[in-house]
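Now for the letters of each chain:
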Amino acid sequence: MRQARGLVEVLAPVLLVGAVALFGTAVSTSTQTYVITALVNVAIVAALYVFIGNSGVLSFGHISFVAVGAWAAGILSMPVAEKPAIMPNLAGFLRHTTVGNAPSLAVAAGVGAAYALVVGLPLMRLSGLAAGIATFGVLEITHNVLRYWERIGPGLNTFSAVPETTGLGQAAVGALIAVVVAFLYQRSRYGRMLRATREDAAAARAVGVSVYGQRLIAFTLSGALAGLAGGLYVHLLPVNTEVLYLDLTFITLAMLVIGGATSLWGAVVGAVAISAVDSFLAEAQNGVHVLGGTLDLPSGTRIIVVGALMAFVLIVRPAGLTGGREIRLPRAFARNVLTKFSA
Amino acid sequence: MTVDWQTIADAFGLGGIYALMAVGIGLVFGVLRLVNFAYGQLVMAGAYALAFAYTHGWPVWIGILLCFGVVVVLSLAMDVVVFRPLRAHSPAVMLVATFAVAFLLQSIALLWFGPLGKIAASLSSLNQPWIIGGVDIRKISIVSAAVAAGCLLALVLLLGRTKVGLHMRAAALDFQTARLLGVRANRVIASAVLVSGLLAAIVAVMLTVQSPLVTPDFALRDTILVLAGVVLGGMNRLVSATLGGFAIGFASGFLGGALPTNQSQYLPSFLFAAVIVVLLIRPRGLFARGGQQAVERV
């Protein structure tokens, strides 16, 4: 019975991601771009969920792990011939090295994890507001350094000439990896111990759980997933420091909170739902046909509607669309069918 | 590093403005336990009101009145629409909600006024220097430091000598007990929000003199720095929050003026690194009083 329930918990988000990807194969190329972006967003929000959802500690710093992942993958996979034009001051070793798509993504995940570990070593001692401001500081410092330090990247320039390998397939695989890793983590003993600290830190400590250690593990793991998502991002479109900054921090956090921050199902639903609304409105600005009529919104309404929607959902349903719970099958069905399978 | 009197006066002026913003954020935090990330957007709205008055050629005092009106109405509306329904929820939800409000207001400004920005230069004569003892000092640096000092004095009187102030202090100390003893929750919160809105309007006037180009992200950087400063100083007491705001404003104004450009571009990194170090060593804040409740550390 318990295993069956776990199966449902992982299948539902996986199927949702799969459905989004399938939808992507059926639509026009321009719409497909929205679907790919949505899948990358799922990966980022799943990364956020691993730390924020399980620990209950707010982090504004995760987009800096996305950014270092994007930097690592972008620098390493750009063709050597293109590098001098875009990154004239690049350090020697980076200037002559180019790796393929898959290794660059692996390096992105590794760099994200390493950076999160280094940052987390001192910062995971903080809780509450202090943690929020300190992680915000990490975002500011990372943004500032990547923006001006031209030895390690393009600085103010944009990452053009990076091979655009993140198509529908790669984005879907990346999102699935993030979702499955997040699920496996939350079912592992480490995930359970961290959630125990979220519910009652004193009680968890009393039974021998190290709050600091568990938070550090989750922070590093979510840094790896965020770095991977950054790698996907830089292979999707030419990014620069401004793309991976406040707006992305805000919109991904809002996806997590709106979906329901304490469940993986909530994280995936939030990412898909907000991405869908955002893409629909972006299209509606060019005029779309809905239910027999034509909807043509003035340009710029999209960001306002998304912002207002976020504020509205937060006020009306602060626990998120899913209420922060994992998905469950209806009781009768679960009793009659699933018990037979798992017996 | 070149230090002159102008740099020091500028640093004092910026420190004064940041101190006022810190008070505005700290007052609301005191009664609501809510960190208002959208505070900068109140300042931005006020700055747009000033720009609106300037482009229509209205006199300065009408522009300032309009600025005060817009900011106060907006902050009271924010209280009714956003803060009130969320009062019972966790600080994290409230912080993300004010994040959403900030984003919303910024997008409205972007749609309404465009990304290029409007000019609000009706008080630009304050950028001219005064010559004091043979040293040139911009008027606005002295004016902002003086206005900040005046506002803080008025606030001390309001909090210390009036009934509303007493209620606000009681509510900041222990909201439940204060309510049991007859303090009206909605009124005390509304007055804190009102005072914080008035301060935002004053900050808008000062900041538009310093940088007359009003864009949708006007005051955003300042708000982020002030929030860091408030936590740096210590959020639980208004005095320590104000000192933290002043300190980060002074440091950013001073180092920004004194360092050459190729070093000052990394200024945000140094400031936030300092903030992180302080948070690790003294998580309750630099100027917080030691004692009663220790902040939870893991």
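(A) Representation of the overall build of chain B in the model. Helix and strand counts for chain B stand at 12 helices and 4 strands. Taking the principal axes of its C-alpha atoms as reference, chain B extends roughly 55 × 45 × 35 Å. The proportion of buried residues among the 298 residues of chain B is 52%. Sequence-distant contacts in chain B: of pairs separated by 6 or more residues, those separated by 24 or more amount to 75%. Carbon and sulfur atoms provide 69% of the accessible area of chain B, an area that totals close to 13,000 Å². Counting 18 positive and 8 negative side-chain charges, chain B places the centres of these two groups 14 Å from one another.

(B) Representation of the confidence of the model for chain B. Residue and element names in this part refer to chain B. Per-residue confidence for chain B gives a mean pLDDT of 85, with 95% of residues at or over 70. Across chain B, helix 2 (residues 39–55) holds the top mean pLDDT of 93, while strand 2 (residues 129–132) sits lowest at 75. Considering only residues more than four positions removed or in separate chains, one finds that residues 291–296, a stretch of pLDDT under 50, has 8 contacts. Across the interfaces of the predicted complex, the ipTM metric reaches 0.84, alongside a pTM of 0.88.

(C) Spatial organisation of the pattern of salt bridges. A complete count under the given rule lists 5 salt bridges over all chains for this structure. Between Glu140(A) and Arg221(B) there is a salt bridge, and its shortest N-O distance comes to 3.0 Å. Taken as a pair, Glu140(A) in helix 7 (residues 128–148) and Arg221(B) in helix 9 (residues 220–233) lie in two separate chains rather than in one. Here Asp10(B) ties to Arg138(B) by a salt bridge, and the two come within 3.3 Å at their closest N and O atoms. With Asp10(B) in helix 1 (residues 5–32) and Arg138(B) in strand 3 (residues 135–138), this residue pair connects regions lying 128 residues apart in the sequence.

(D) Here's a closer look at the packing of aromatic side chains. Overall, the coordinates contain 18 aromatic pairs over all chains when judged by the stated rule. Relative to Phe37(B), the ring of Phe136(A) lies with its centre 6.0 Å away and its plane at 40°, an arrangement referred to as tilted. Linking Phe136(A) in helix 7 with Phe37(B) in the loop between helix 1 and helix 2, this pair reaches from one chain into another. Judged by relative accessible area, which is 7%, Phe37(B) ranks as buried. An angle of 35° between the planes, with centres 4.2 Å apart, marks the rings of Phe250(A) and Phe103(B) as tilted. Of this pair, Phe250(A) sits in helix 12 (residues 246–259) while Phe103(B) is found in helix 4 (residues 91–113), placing the two residues in two different chains. Relative accessible area serves as the criterion here: at 2%, Phe250(A) is assigned to the buried category. For Phe103(B), a relative accessible area of 14% puts it in the buried group. Taken together, the ring pairs in this structure connect Phe60(A), Phe136(A), Phe250(A), Phe37(B), Phe99(B) and Phe103(B) into an aromatic cluster.

(E) Highlighting the interface of chain A and chain B. Taken together, the contacts link 43 residues of chain A with 43 residues of chain B. Taken over both partners, the interface formed by chain A and chain B buries close to 3,800 Å², and the fraction arising from carbon and sulfur atoms is 79%. Together, Ile133(A), Phe250(A) and Ile315(A) form the three largest contributors to the area buried by chain A at its contact with chain B, with a combined 16%. At the junction of chain A and chain B, the tally comes to 1 salt bridge. Between the two partners, chain A and chain B, sit 6 residue pairs in polar contact (both at pLDDT 80 or more). For the side of chain A that touches chain B, the secondary structure elements donating two or more residues are helix 6 (101–123), helix 7, helix 10 (201–206), helix 11 (211–236), helix 12 and helix 14 (301–316) of chain A. Take the side of chain A that touches chain B: its biggest share by element is 12 residues, from helix 7 of chain A.

Rules used in this analysis
- Residues numbered from 1 in each chain as written.
- Chains lettered and ligands numbered in written order.
- Predicted model: local features only at pLDDT ≥ 70, side-chain atom pairs only at ≥ 80, totals over all residues.
- Heavy atoms only, no water.
- Helix = DSSP H or I, 4+ residues; strand = E, 2+ residues; numbered from the N terminus.
- Buried < 20%, exposed > 50% of the residue type's maximum accessible area, 1.4 Å probe, protein only.
- Contact = heavy atoms within 4.5 Å.
- Areas by Shrake-Rupley, 256 points an atom, 1.4 Å probe, with all protein chains shown as cover.
- Lys, Arg positive; Asp, Glu negative; His and termini not counted.
- Charge placed at Lys NZ, Arg CZ, Asp CG, Glu CD.
- pLDDT = per-residue confidence, 0-100.
- Salt bridge = Lys/Arg side-chain N within 4 Å of Asp/Glu carboxyl O.
- Phe/Tyr/Trp six-rings, centres within 6.5 Å; stacked < 30°, edge-to-face > 60°.
- Buried area = accessible area lost by both parts, 1.4 Å probe.
- Polar contact = N/O pair within 3.5 Å; in protein donor to acceptor, adjacent residues only side chain to side chain.

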